[in-house]
Amino acid sequence: MIRPAIVDRDARFRLGIIGHGMWPSTYLIPGARQVDDVDVVAVCGRDSARAADFADAHGIERSYDSIDRMLTVEDLDGVIIANPPPHHESAVRAVSGFRAAVLCEKPLALEADSARRIRDLLVDRPALTGFTLRWQPLFQQLREAVVTQAVGAVRHVRIRYLQSSAATPARGWDWHFDAADEPLGVISDLGPHAIDLVRWMVGDVTEVSAFARTTIGERMDADSGRLRAVTNHDDADVQLTAQSGATVSLTISRVAPDAGVPGGITVEVLAEEGWIRVDSNEADVVIGTASGVERRPVAAMSLSSGSGAQIRDFVRVARGEHVDGLPSVDDGYQAQLVMDAVARSLDAGGTVLVRA
């Protein structure tokens, strides 16, 4: 049985953040500040000086370099785990000794055994995985059209998840280019979002075939002033088969040419009676059938508004409410099972089964 993390639903929500990188700075904290009864009271990171600087920059009262210390002192209602994925399991182990609800960023871990342990540690408390696409109205309406069979049973899905953030060597080396932190590179980074979107629309994945490459092999390391090898992938094509029989084609890249927008996600659904198309840079769901083409307008949502919606739902779950359609920690584990299959497919050079 899942216990609410909070007894008094009218009390202000005390939130702590583990991690002090770009994502907390640009997404999580702006989102939390859109929720009236949430206070970001503490941040924790392994580098105490960086954590303190981060706290000062964002008006957070206290910083820590120990998760145990932060949770003991602050008596937090909720924690967002947003440090690099190799450290998620140790962070969850530390948090599991306290009452706080948990929102863990994706991927839960770097391999399925670790993701399973994270899931099991959080089984008795409110916990979510940070699959941000589920909070975007465009993808919510896309899923609604799919699951209500607006164009019949799905046969095939094409997803292009393209970013130009690393399209040239001008972007320097950082941990995202290190296989120790992101074993599959862009697949480890963007792939979990795409895989969760697939599972959310058409159900569990049973087979995987993957191809990946490294387009830019070296990047400048600002700390050393030297070129450093990129040891993971920045471009990939992944073929999936769902238990429903639907097939899926994923193209994932962080080296897509800059076309005037930072990137985007395009989804095309081909079904028995028509097709559905969405583009994250456009504001409607387009549905084509024998009767013609229908455009269903969708309210635009900024990145920070999406974060606000995400954290608002996290608080609701922490207070014991049930909210349909949210990504559970088991969803994070199931996505990692597919990611492990992608890794095995790359090693084998062919199709592999997703292991339960």
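Residues numbered from 1 in each chain as written. Predicted model: local features only at pLDDT ≥ 70, side-chain atom pairs only at ≥ 80, totals over all residues. Heavy atoms only, no water.

Quick word on the side chain of Asp221
Residue placement: Asp221 occurs in strand β9 (residues 218-221). Residue classification places Asp221 among the buried residues on the basis of a relative accessible area of 9%. Of note is the side chain of Asp221, whose polar atom sits 3.1 Å from the backbone nitrogen of Asp223. If near-sequence neighbours (up to four positions away) are discounted, Asp221 is found in contact with Trp173, Arg226 and Arg228. (Helix = DSSP H or I, 4+ residues; strand = E, 2+ residues; numbered from the N terminus. Buried < 20%, exposed > 50% of the residue type's maximum accessible area, 1.4 Å probe, protein only. Polar contact = N/O pair within 3.5 Å; in protein donor to acceptor, adjacent residues only side chain to side chain. Contact = heavy atoms within 4.5 Å.)

Brief notes about the sheet that holds strand β2 (residues 38-44)
Pairing in this open sheet of 6 strands is parallel, and the strands run β3-β2-β1-β4-β5-β6 from one edge to the other. The sheet is open, and its two borders are formed by β3 (62-64) and β6 (127-130), each paired with just one other strand. Between one strand and the next, the sheet's axes are offset by a mean angle of 25°, whatever the strand orientation. Pairing of strand β1 (residues 13-18) with β2 involves 6 bridges; the strand directions are parallel. Counted as the bridge partner of Gly16 is Ala42 from β2. The sheet strands contacting helix α4 (residues 88-95) are β1, β4 (78-81) and β5 (101-105), and the helix crosses β4 at an angle near 170°. (Pairing = 2+ DSSP bridges. Axes fitted to C-alpha atoms, helices over the stretch in contact; angles between N-to-C directions.)

Observations regarding the nonpolar core
One finds Val208, Leu250 and Val267 to be the most contacted residues of the largest nonpolar core, which totals 79 residues. Among the elements that line this core, the one with the most residues is helix α7 (residues 186-202), at 10 residues. If sequence neighbours within four positions are ignored, Leu250 has contacts with Ile159, Ala194, Ile195, Val198, Ala236, Asp237, Val238 and Leu240. Among the nonpolar cores identified, the runner-up in size contains 28 residues, and Val40, Ala55, Ile80 and Phe314 belong to it. (Core = buried A, V, L, I, M, F, W, Y, C linked by side-chain atoms within 4.5 Å.)

Details of the pairing of strand β15 (residues 284-289)
For β15, a buried count of 5 out of 6 residues is recorded, marking the element as mostly surrounded by other parts of the structure. Here strand β14 (residues 274-279) runs beside β15; their pairing, made up of 4 bridges, is antiparallel. Paired with Trp275 across the bridge in β15 is Gly288. Counted between consecutive antiparallel strands, the loop separating β14 from β15 contains 4 residues. Here 6 bridges tie β15 to strand β16 (residues 292-297), and the two strands are oriented antiparallel to one another. Note that in β16 the partner of Val285 across the bridge is Arg296. A loop of 2 residues connects β15 with β16, the two strands running antiparallel in sequence.

Overview of helix α5 (residues 112-121)
Turning to α5, its buried residues number three or more, namely Ala112, Ser114, Ala115 and Ile118. End-on view of α5: buried residues confined to an arc of 160°, all on one side of the axis. Elements in contact with the buried residues of α5: α4 and α9 (329-348). The N-terminus of α5 is capped by Glu111, whose side-chain oxygen sits 2.8 Å from the backbone nitrogen of Asp113. (Arc of directions from axis to C-beta.)

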